[in-house]
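Read off the chains here:
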Amino acid sequence: MTNRRKFLALVGGGAVLAAGGAGSWAMTRDPAQARLPWEQAGETEDDPRRKALSYAILAPNPHNRQPWLADLSVPDEITLYCQQDRRLPHTDPYDRQITVGLGCFLELFSQAAAQDGWRADIEFFPEGEPQPRLDGRPVARVRFAAQSNAQPDPLFGHVLQRRSNKEAFDSSRAVDTGLLGEIASAARTSRIAFTNERAEVEALRAKAWAAMDVELRTYRTAKESVDLLRIGKAEIEANPDGIDLAGPLMEALSVTGLLDREAMLDVNSTVFRQQAEALKPSFDTAMAFMWLATPGNSRADQIRAGRDYVRLNLAATGLGVDMHPMSQALQEYPEMQPHFDGMRAATGMAPGETLQMFVRLGYGPRLAASPRWPYETRIRTA
Ligand SMILES: Cc1cc2nc3c(=O)[nH]c(=O)nc-3n(C[C@H](O)[C@H](O)[C@H](O)COP(=O)(O)O)c2cc1C
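What comes next concerns the included structure. These numbers were taken from a predicted model, which means no experiment stands behind them. (Residues numbered from 1 in each chain as written. Predicted model: local features only at pLDDT ≥ 70, side-chain atom pairs only at ≥ 80, totals over all residues. Heavy atoms only, no water.)

The next point concerns the overall build of the chain. Counting secondary structure elements, the chain contains 14 helices and 10 strands. By the compact-globule yardstick of 21 Å for 382 residues, the chain fits well, its C-alpha radius of gyration being 20 Å. Taking the principal axes of the C-alpha coordinates as reference, the chain spans close to 60 × 50 × 40 Å. Counting over 382 residues, the chain shows a buried share of 57%. Sequence-distant contacts, at least 24 apart, represent 79% of the contacts inside the chain between residues at least 6 apart. Put simply, the chain shows about 15500 Å² of open surface, and 52% of that area lies on carbon and sulfur atoms. Here the chain contributes 44 positively and 49 negatively charged side chains, and the mean placements of these two sets differ by 1 Å. (Helix = DSSP H or I, 4+ residues; strand = E, 2+ residues; numbered from the N terminus. Rg over C-alpha atoms; globule rule 2.2 N^0.38 Å. Buried < 20%, exposed > 50% of the residue type's maximum accessible area, 1.4 Å probe, protein only. Contact = heavy atoms within 4.5 Å. Areas by Shrake-Rupley, 256 points an atom, 1.4 Å probe, with all protein chains shown as cover. Lys, Arg positive; Asp, Glu negative; His and termini not counted. Charge placed at Lys NZ, Arg CZ, Asp CG, Glu CD.)

Here is the structure:
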């Protein structure tokens, strides 16, 4: 779900700002600890696997759940697992999106290894592809091999600046067709399509929003997101994952009781209506859309989709274009089915093809990095 910052500003911003005089307090409210992994990436020198891991954990992933767990017990190898209680069973019942996020992780891992002259040979699902959900079997086995002619990937240079930008974009700034083509060319195996044509963009905005409305009005899917809200520095630093609402305004609102999680789930409440009003601008200011399709929907397809998706995100970063996934219409639960079908038709999916990612593009404000668990906590010990 997109963040709720605007909604919160509507609900209580006036009152909080009127309180005034909170400048120095405000300075201390950034969850700086939770952003440290972005500053510390690459610092570890001893083991190239750890170094690559410190970058890979910066990958985009659904609801920032960071489900990756790496086993380093075999020298020169890592075995990647999915921590199963970090999946999203209501909005992602077949773990498709979680697997795409693991693909993003593997791409950054491989780019980071190449940067230091290592080739990371990746075998997907070495003990078989789990279906219909992921299980305890490994997602990938990665072997490190010294590569004399290592070719660093220029996209790696954008890893630390990459963001999912969930804010409203500048509605006066179109995204040039040439730039969209350049971003699309960063993908290696997926089929990428895009549009910045006004009528098409408007139609897709409406479809994406209609799907978001279903997610918000379906109690269990909305609750999955509300349960992952981390409001204010203390909550974010205690659990640097999920949907983070940082900053002095959020903290003040929380204290005044205006962030009631139950009210957000009550479709008849004022809070619910204001939440929807606040989420909509990010849909209304989508200036272009891009989508990524794979020929099938095997686990390997999903991993490849993730590898390509983060490449698009990095290429966009390098070109100064903001990107933001809008996955609601891609989700596989009964209430969403009409929107799922509608989005497939609107994006021209061929029979058998899978729409793996759907994102908006434009130009938004600069953002701080999103929270991460330190990479050391994502190493499997047992
Ligand atoms: C498969 C996938 C689906 C995602 N879907 C959404 C989405 O529907 N809405 C959204 O706001 N962000 C979505 N995201 C972005 C994540 O929320 C984001 O990557 C995460 O919060 C970490 O933030 P960062 O990318 O800025 O590091 C998605 C990311 C992935 C990989």
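Turning our attention to the sheet that holds strand 3 (residues 118-124). Across the sheet, 4 strands lie side by side as 1-2-4-3; this open sheet has antiparallel pairing. Looking at strand neighbours, the two that pair on one side only are strand 1 (68-71) and strand 3, the edges of this open sheet. Across this sheet, the average inter-strand angle for adjacent strands is 25 degrees, counted without regard to direction. Pairing of strand 1 with strand 2 (residues 77-82) involves 4 bridges; the strand directions are antiparallel. Bridged to leucine 69 within strand 2 is tyrosine 81. Of the strands in this sheet, strand 1, strand 2, strand 3 and strand 4 (140-146) touch helix 4 (residues 48-56), which is tilted by about 125 degrees from strand 4. (Pairing = 2+ DSSP bridges. Axes fitted to C-alpha atoms, helices over the stretch in contact; angles between N-to-C directions.)

The subject of this paragraph is the packing of aromatic side chains. On inspection of all chains with the given rule, the structure shows 8 aromatic pairs. Relative to phenylalanine 283, the ring of tryptophan 209 lies with its centre 5.1 Å away and its plane at 75 degrees, an arrangement referred to as edge-to-face. Here the residue tryptophan 209 occupies a position in helix 7 (residues 198-217), and phenylalanine 283 occupies one in helix 12 (residues 270-284), the gap between them amounting to 74 residues. A relative accessible area of 14% places tryptophan 209 in the buried class. (Phe/Tyr/Trp six-rings, centres within 6.5 Å; stacked < 30°, edge-to-face > 60°.)

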